[in-house]
Amino acid sequence: MLPAAAGFVTATGFILNPSYWMPRAMRDLAAATDQPALARCADGAERLMATLAATGLIPDWIEITADGITPPPARFSADSGYEALRVPLFLVWSRANTHPAVLRFTAAHQAADTGDLRAPTVFERGSGRATEYSTHAGYRAIAALTACAGSQRAGSAIPPFDTAQPYYPATLHLMTLVAQIEGYPRCVPL
């Protein structure tokens, strides 16, 4: 599943964005349309994300070649940043709360915790070092849900929705709240 009809096939392979895969949606669509290939694609996406998580955080973009997974061309981010933030959210929403990508994301966020209202938004893929932070609540919401979903505790640190957020963190925040309500009632925001 390429990100678009053009611009993502290279001379040696193709470029993918792991955050474009939501296993739950793919499986639901497969069942609703009698297209089992979508369910197999969801399984393959989860396996590929586990392979990526074995060597670091999930990157924004990758290139797949005959030789395997490689960093993407320079015009695409190989960091784990604003795009890759959706990966742990979509996995948790898909009930894969113990997936290696979720666990690695949660550990990186906990290691980069500043103790204030900033959330790390960009990490170096291999080292896990945070290189950018944001004060928008939507980014903290994802980290709070993934931490709670992977634990046995009740209650989470999902912040209240902030209407002053820009579109992207607000959208992530709303999706996080829906995922919490649908799949993790014990992770109610406290």
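Everything discussed here concerns the structure shown above.
Everything numeric in this text was worked out from a predicted model, so none of it was measured.

### Notes on the environment of S151
Inference 1: As for its position among the elements, S151 is in the loop between α5 (137–149) and α6 (167–183).
Inference 2: Through-space distance from the C-alpha of S151 to that of R40 is 28 Å; in sequence the pair is 111 residues apart.
Inference 3: Of the polar contacts made by the side chain of S151, one reaches the backbone nitrogen of R153; its length is 3.3 Å.

### Brief notes about the state of the cysteines
Inference 1: One pass over the full model with this rule turns up one disulfide.
Inference 2: Between C148 and C187 runs a disulfide, and the two sulfur atoms are separated by 2.1 Å. Linking C148 and C187, the disulfide has an S-S dihedral of approximately -95° and is accordingly described as left-handed. Of this pair, C148 sits in helix α5 while C187 is found in the segment after α6, placing the two residues 39 residues apart along the sequence. Neither residue differs from the other here; C148 and C187 are each classed as buried.

### Some details on the packing of aromatic side chains
Inference 1: Throughout the structure, instances matching the rule amount to six aromatic pairs.
Inference 2: Their ring planes at 10° and their centres at 5.7 Å tell us that F8 and W61 sit as a pair that is stacked. Of the two residues, F8 is situated in the segment before β1 (13–16) and W61 in the loop between α2 (36–53) and β2 (62–65); the sequence distance between them amounts to 53 residues. For the pair F8 and W61, one class covers both residues: buried.
Inference 3: Between the aromatic rings of Y139 and Y168, the centroid separation amounts to 6.4 Å while the plane-to-plane angle is 55°, which identifies the pairing as tilted. Of this pair, Y139 sits in helix α5 while Y168 sits in helix α6, and the two are 29 residues apart along the sequence.
Inference 4: Taken together, the ring pairs in this structure connect F8, Y20, W61 and F76 into an aromatic cluster.
Inference 5: Across from the ring centre of Y133, 4.8 Å away, lies the NZ or CZ of R118, which sits over that ring.

### Here we look at the sheet that holds β2
Inference 1: One open sheet holds the three strands; their spatial order is β1-β2-β3, and the pairing between them is antiparallel. With one partner strand each, in any of the chains shown, β1 and β3 (68–70) form the two edges of the open sheet. Strand-to-strand, the axes of this sheet are offset by a mean angle of 30°, without reference to chain direction.
Inference 2: Judged from the three bridges that link them, β2 and β3 form a sheet pairing that is antiparallel. Its bridge partner being in β3, T65 is matched across the sheet by G68.

### Considering the packing of helix α3 (residues 86–93) against helix α4 (residues 100–111)
Inference 1: Packing of α3 against α4 brings their axes to within 9 Å, and their N-to-C directions diverge by 130°. When the axes of α3 and α4 are compared, the pair comes out oblique. The crossing of α3 and α4 is left-handed. Residues V87, P88, L91 and V92 of α3 form the contact with α4, whose participating residues are A101, V102 and F105.
Inference 2: Among the residues forming the contact of α3 with α4, the class breakdown is seven nonpolar, no polar and no charged.

### Thoughts on empty space enclosed by the protein
Inference 1: In this structure the tally under the stated criterion is two cavities of 30 Å³ or more.
Inference 2: Considering only enclosed or pocket space, the largest cavity measures out at about 60 Å³ in volume.
Inference 3: Those elements that provide at least two residues to the lining of the largest cavity are α3 and α4.
Inference 4: Per-class residue counts for the lining of the largest cavity are seven nonpolar, one polar and no charged.
Inference 5: Approximately 30 Å³ is the volume found for the second largest cavity.
Inference 6: Surrounding the second largest cavity, S80, G81, A84, L85, F105, T121 and F123 form its lining.
Inference 7: Residues of the lining of the second largest cavity, tallied by class, amount to four nonpolar, three polar and no charged.

Thresholds applied
- Residues numbered from 1 in each chain as written.
- Predicted model: local features only at pLDDT ≥ 70, side-chain atom pairs only at ≥ 80, totals over all residues.
- Heavy atoms only, no water.
- Helix = DSSP H or I, 4+ residues; strand = E, 2+ residues; numbered from the N terminus.
- Polar contact = N/O pair within 3.5 Å; in protein donor to acceptor, adjacent residues only side chain to side chain.
- Disulfide = S-S within 2.5 Å.
- Buried < 20%, exposed > 50% of the residue type's maximum accessible area, 1.4 Å probe, protein only.
- Phe/Tyr/Trp six-rings, centres within 6.5 Å; stacked < 30°, edge-to-face > 60°.
- Lys NZ or Arg CZ within 6 Å of the ring centre and 35° of its normal.
- Pairing = 2+ DSSP bridges.
- Axes fitted to C-alpha atoms, helices over the stretch in contact; angles between N-to-C directions.
- Parallel < 35°, antiparallel > 145°, perpendicular 65-115°, else oblique.
- Left-handed = near helix turned anticlockwise from the far one by under 90°.
- Contact = heavy atoms within 4.5 Å.
- Nonpolar A, V, L, I, M, F, W, Y, C, P; charged D, E, K, R; others polar.
- 1 Å grid on protein atoms, 1.4 Å probe; cavity = no way out; pocket = protein on both sides within 12 Å on 5 of 7 lines; lining within 4 Å.
- Points joined across faces, edges and corners; volume = space filled by probe spheres on them.

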